[in-house]
Amino acid sequence: MYGIELNPLQKELGIHWWYGILDILLNNKKMSFKQNNYTIIKSAIDKDLALFVYNYFLMKKQVYDTCRQTKYISRFENIIGHYENHDEQIPNTYCLYGDVAMETLMLKCQPKMEKATGLRLTPAYTYARIYKTGDELTRHKDRFSCEISTTMNLGGDKWSIYLEPSGKIGKKGIKVDLNPGDMLIYKGCECEHWRKKFKGKKSVQVFLHYNDLETPGSKGNVFDGRPHLGLPNWYKK
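Now for a description of the structure that goes with this document.

Each value, and the rule that gives it
Residues numbered from 1 in each chain as written. Predicted model: local features only at pLDDT ≥ 70, side-chain atom pairs only at ≥ 80, totals over all residues. Heavy atoms only, no water. Buried < 20%, exposed > 50% of the residue type's maximum accessible area, 1.4 Å probe, protein only. Helix = DSSP H or I, 4+ residues; strand = E, 2+ residues; numbered from the N terminus. Pairing = 2+ DSSP bridges. Contact = heavy atoms within 4.5 Å. Axes fitted to C-alpha atoms, helices over the stretch in contact; angles between N-to-C directions. Core = buried A, V, L, I, M, F, W, Y, C linked by side-chain atoms within 4.5 Å. Expected span 1.5 Å × (residues − 1). Bend = angle between axes of the 7 residues up to and from the residue. Polar contact = N/O pair within 3.5 Å; in protein donor to acceptor, adjacent residues only side chain to side chain.

1. Concerning the pairing of strand β3 (residues 94-97)
Right, on to step 1. Burial of the side chains of β3 extends over both faces: Tyr94 and Leu96 are buried on one face and Cys95 and Tyr97 on the other.
Right, on to step 2. Here β3 runs beside strand β4 (residues 121-132); their pairing, made up of four bridges, is antiparallel. Across the sheet, the residue bridging to Leu96 is Ala128, located in β4.

Have a look at this one:
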């Protein structure tokens, strides 16, 4: 079953008992998530893919900037991104909801997400940002569409994320450092998460958001209420 040979003691103890122990070890990540409300997947995507998506998103910002500067698109148009307003989380930082490449990445990562959490998931939406010097993500919990979330580092300067897995408000939390391709999975509606003021020059991160299929309301919230993935947030059924 697992490609190993049992010794006489293991045979004496019983093959089913030994397989049970191996199952516990193999399912450790699922147990960790259910008990701790978070888990970390190292190299969820390989470094080459992370670098590809990183450069793709930098180019996306360049396209947006050029189109805005030449007034090719309206400042109210956000289908290829926008700079967050002062009433949003990270003012004057480029971001994009529902980018086609990011939403494809969300589908690619879903099997790993389900294996790590032990949950059946439905995809909601993605949100990517290119953080700049001085940005700060204040402590917060997320809305229903972010019930089971991951933040993935795509590249740039390192920037720690903090998480309070107990669900309690105002606790010290834990510090998590991610390399390009790594992701932190957490319960976005229950766990406060935040980032301290960014001292680097540039960091590209993407949030991939899902719902637990067993949670009431999740079946009606597939794709965050959109007809399909890749659409902007204002495009609803």
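2. Section: the pairing of strand β7 (residues 161-164)
Right, on to step 1. The side-chain alternation of β7 yields two buried faces, one formed by Ile161 and Leu163 and the other by Tyr162 and Glu164.
Right, on to step 2. As judged from the three bridges shared by β7 and strand β8 (residues 174-176), these two strands associate in the antiparallel manner. The partner of Ile161 across the bridge, within β8, is Val176.
Right, on to step 3. Examined bridge by bridge, β7 and strand β10 (residues 192-195) share three bridges and lie antiparallel to one another. Paired with Tyr162 across the strands is Trp194, a residue of β10.

3. Digging into the sheet that holds strand β2 (residues 82-83)
Right, on to step 1. Strand order in the open sheet made by the seven strands is β1-β9-β6-β11-β4-β3-β2, with antiparallel pairing throughout. Edge positions in the open sheet fall to β1 (38-41) and β2, since each of these has one partner strand only.
Right, on to step 2. Pairing analysis gives 11 bridges linking β4 to strand β11 (residues 202-212), with the strands arranged antiparallel. Within the sheet, the bridge partner assigned to Arg129 lies in β11 and is Gln205.
Right, on to step 3. Sitting on the sheet, helix α4 (residues 47-69) touches β2, β3, β4, β6 (148-156) and β11, and the angle it makes with β3 is about 105°.
Right, on to step 4. Set on the sheet, helix α5 (residues 100-117) makes contact with β1, β4, β6, β9 (183-186) and β11; between it and β4 the angle comes to about 120°.

4. Points about the nonpolar core
Right, on to step 1. Residues Met152 and Leu154 are the most contacted members of the largest nonpolar core, which totals 33 residues.
Right, on to step 2. Of all the elements in the fold, those that place two or more residues in this core are α4, β3, α5, β4, β6, β9 and β11.
Right, on to step 3. Among all residues touching Met152, those that are not within four sequence positions of it are Ala44, Ile45, Leu105, Cys109, Gly181, Asp182, Met183, Val204, Gln205 and Val206.

5. Structural notes on the sheet that holds β8
Right, on to step 1. The strand order across the open sheet built from four strands is β5-β10-β7-β8, with neighbouring strands paired in antiparallel fashion. Sheet topology places β5 (137-140) and β8 at the edges, where each strand pairs with a single neighbour. Strand-to-strand twist in this sheet, taken as the mean axis angle between neighbours without regard to direction, amounts to 20°.
Right, on to step 2. Pairing between β5 and β10: two bridges, direction antiparallel.

6. Looking at α5
For an α-helix the count is 3.6 residues per turn, leaving residues at separations of three or four pointing the same way.
Right, on to step 1. With 18 residues, α5 extends 25 Å between its outermost C-alpha atoms, agreeing within 8% with the 26 Å of an ideal straight helix rising 1.5 Å per residue.
Right, on to step 2. Along its length, α5 shows its largest kink, about 40°, at Cys109, and proline Pro111 lies within four residues downstream of that point.
Right, on to step 3. If you check which residues of α5 are buried, you get Met102, Glu103, Leu105, Met106, Cys109, Gln110, Met113, Ala116 and Thr117.
Right, on to step 4. Of the residues flanking the start of α5, the one acting as N-cap is Asp99, its side-chain oxygen 3.0 Å from the backbone nitrogen of Ala101.
Right, on to step 5. Phi for Gly118, located one or two positions after α5, is positive at around 75°.

7. A short note on unusual backbone geometry
Right, on to step 1. For Ser43, which is not a glycine, the phi torsion comes out positive at approximately 55°.
Right, on to step 2. Secondary-structure assignment places Ser43 in the loop between β1 and α4.
Right, on to step 3. One non-glycine residue, Lys71, adopts positive backbone phi at about 60°.
Right, on to step 4. Relative to the helices and strands, Lys71 is located in the loop between α4 and β2.
Right, on to step 5. Its relative accessible area of 73% is what places Lys71 among the exposed residues.

8. Considering the environment of Pro232
Right, on to step 1. Within the element layout of this structure, Pro232 appears in the segment after β11.
Right, on to step 2. Classification of Pro232 as buried rests on a relative accessible area of 7%.
Right, on to step 3. Distance from Pro232 to Gly81, taken between C-alpha atoms, is 9.3 Å for residues 151 residues apart in sequence.
Right, on to step 4. If sequence neighbours within four positions are ignored, Pro232 has contacts with Asn78, Ile79, Tyr97 and Arg226.

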